[in-house]
Amino acid sequence: MTVEYLSPQAALTLLEQGAILIDIRDTDEYAREHIPVARSFPLSSIEKGQRLQASAGNIVIFHCQSGNRTRNNEARLVAAAAPAEVKIVDGGIDAWRQAGLQTVKDKSQPLPLMRQVQIAAGMLILLGVLLGYSVSSAFFLLSAFVGAGLTLAGVTGFCGMARLLAVMPWNRR
């Protein structure tokens with residue numbers, strides 16, 4: 001089955017006609033910002049085999065942040081929405097926002113976990129380099145340790161820093 005990629009405006013037209021919009025981003029990303037009519041159905045749920053309650057004749061439109069997750073998981077999305085017709089918002093919520101269409105933002109929600117990991121890892125590496133040059137070369141080991149952790153996370157899919165950040169008080173809501 002061929003999946004049609006829609007501009008945000010074309011998707012909005014179909015939504016006004018009764019199509020269903022599904023946001024496949026993680027729940028923390030959805031909580032921070034989402035399209036008003038979108039339902040959260042994370043890709044991780046789809047990967048576990050959960051399916052949408054859609055019937056033939058329905059149009060289900062999927063979106064993510066930039067379009068990469070939807071593009072890379074096209075077959076999974078089609079299977080999760082079967083027998084409905086599947087379409088994808090080209091460019092995701094980023095394109096939706098750039099088109100001047102409305103989103104709901106809740107700045108009181110924590111940043112998405114992966115952004116927290118990026119910020120923490122970047123700060124620790126920078127700190128290790130600065131301290132390594134100004135205090136003791138032993139501090140370069142901090143940067144090496146963080147780099148090794150990121151490499152391990154990329155190879156195995158297990159990110160210890162993400163697990164640690166996930167249990168921090170600001171992420172427990």
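Residues numbered from 1 in each chain as written. Predicted model: local features only at pLDDT ≥ 70, side-chain atom pairs only at ≥ 80, totals over all residues. Heavy atoms only, no water.

Caption draft 1: Seen up close, the overall build of the chain. A tally of regular secondary structure across the chain gives 9 helices and 7 strands. Here the C-alpha radius of gyration of the chain, 20 Å, is well above what a compact globule of 173 residues would show, namely 16 Å. Each of the three principal axes of the chain carries a C-alpha extent, and together these read 65 × 30 × 30 Å. Across the 173 residues of the chain, 36% fall into the buried class. Here the contacts in the chain between residues at least 6 apart in sequence split such that 68% fall between residues at least 24 apart. (Helix = DSSP H or I, 4+ residues; strand = E, 2+ residues; numbered from the N terminus. Rg over C-alpha atoms; globule rule 2.2 N^0.38 Å. Buried < 20%, exposed > 50% of the residue type's maximum accessible area, 1.4 Å probe, protein only. Contact = heavy atoms within 4.5 Å.)

Caption draft 2: Just the domain arrangement of the chain, in detail. According to the domain assignment, the chain consists of domain 1 (4-105) and domain 2 (113-167). A straight line from the C-alpha centre of domain 1 to that of domain 2 covers 33 Å. (Domains from an automatic or database assignment.)

Caption draft 3: Representation of the packing of aromatic side chains in the model. Taken as a whole and assessed by the stated rule, the structure comprises 1 aromatic pair. For the pair Y133 and F140, a centre-to-centre distance of 5.1 Å together with 90 degrees between the ring planes defines the contact as edge-to-face. On the basis of relative accessibility, which here comes to 68%, the residue Y133 falls in the exposed class. (Phe/Tyr/Trp six-rings, centres within 6.5 Å; stacked < 30°, edge-to-face > 60°.)

Caption draft 4: Focus on the side chain of E29. Residue position: E29 is located in helix α2 (residues 27-32). Residue E29 is classed as buried on the basis of its relative accessible area, which comes to 13%. Among all residues touching E29, those that are not within four sequence positions of it are Q65, R69 and P112.

Caption draft 5: Structural view of the UniProt feature "transmembrane region" (unreviewed entry) in the chain. Under the UniProt annotation, "transmembrane region" (unreviewed entry) lies at residues 117-135 and 141-166. Secondary structure within residues 117-135 divides into 95% helix and 0% strand; the distance between the first and last C-alpha atoms comes to 26 Å. For residues 141-166, the end-to-end C-alpha separation is 25 Å, with 88% helix and 0% strand making up the annotated structure. (UniProt positions renumbered as here; feature names shortened; annotations may be inferred.)

Caption draft 6: Structural detail: the UniProt feature "domain: Rhodanese" (unreviewed entry) in the chain. Within this structure's numbering, the places UniProt gives as "domain: Rhodanese" (unreviewed entry) are residues 15-105. Between the C-alpha atoms that bound residues 15-105 there is a distance of 20 Å. The span itself is 36% helix and 22% strand.

Caption draft 7: Region of interest: the pattern of salt bridges. Counted under the stated rule, the structure contains 8 salt bridges. Close ionic contact of E29 with R69 constitutes a salt bridge, the shortest N to O distance being 2.9 Å. Highlighted residues: E29 in helix α2 and R69 in helix α4 (residues 68-72), separated in sequence by 40 residues. Here R71 ties to D90 by a salt bridge, and the two come within 3.7 Å at their closest N and O atoms. A residue pair is termed long-range when its members are at least 10 positions apart, and R71 in helix α4 and D90 in the loop between β6 (85-89) and α6 (92-98) qualify at 19 residues. Its relative accessible area of 38% is what places D90 among the partly exposed residues. Residues joined in a network through salt bridges with shared partners are E4, E85 and K87. (Salt bridge = Lys/Arg side-chain N within 4 Å of Asp/Glu carboxyl O.)

Caption draft 8: Just helix α1 (residues 8-16), in detail. When α1 is considered as a whole, its buried residues turn out to be P8, A11, L14 and L15. Each buried residue of α1 lies within a common arc of 120 degrees when the element is viewed along its axis, so the set occupies one face. Tucked inside the fold, the buried residues of α1 contact β1 (4-6), β2 (20-23), β5 (59-63), β6 and α6. Where α1 ends, the next residue or the one after it, G18, has phi of about 110 degrees, a positive value. (Arc of directions from axis to C-beta.)

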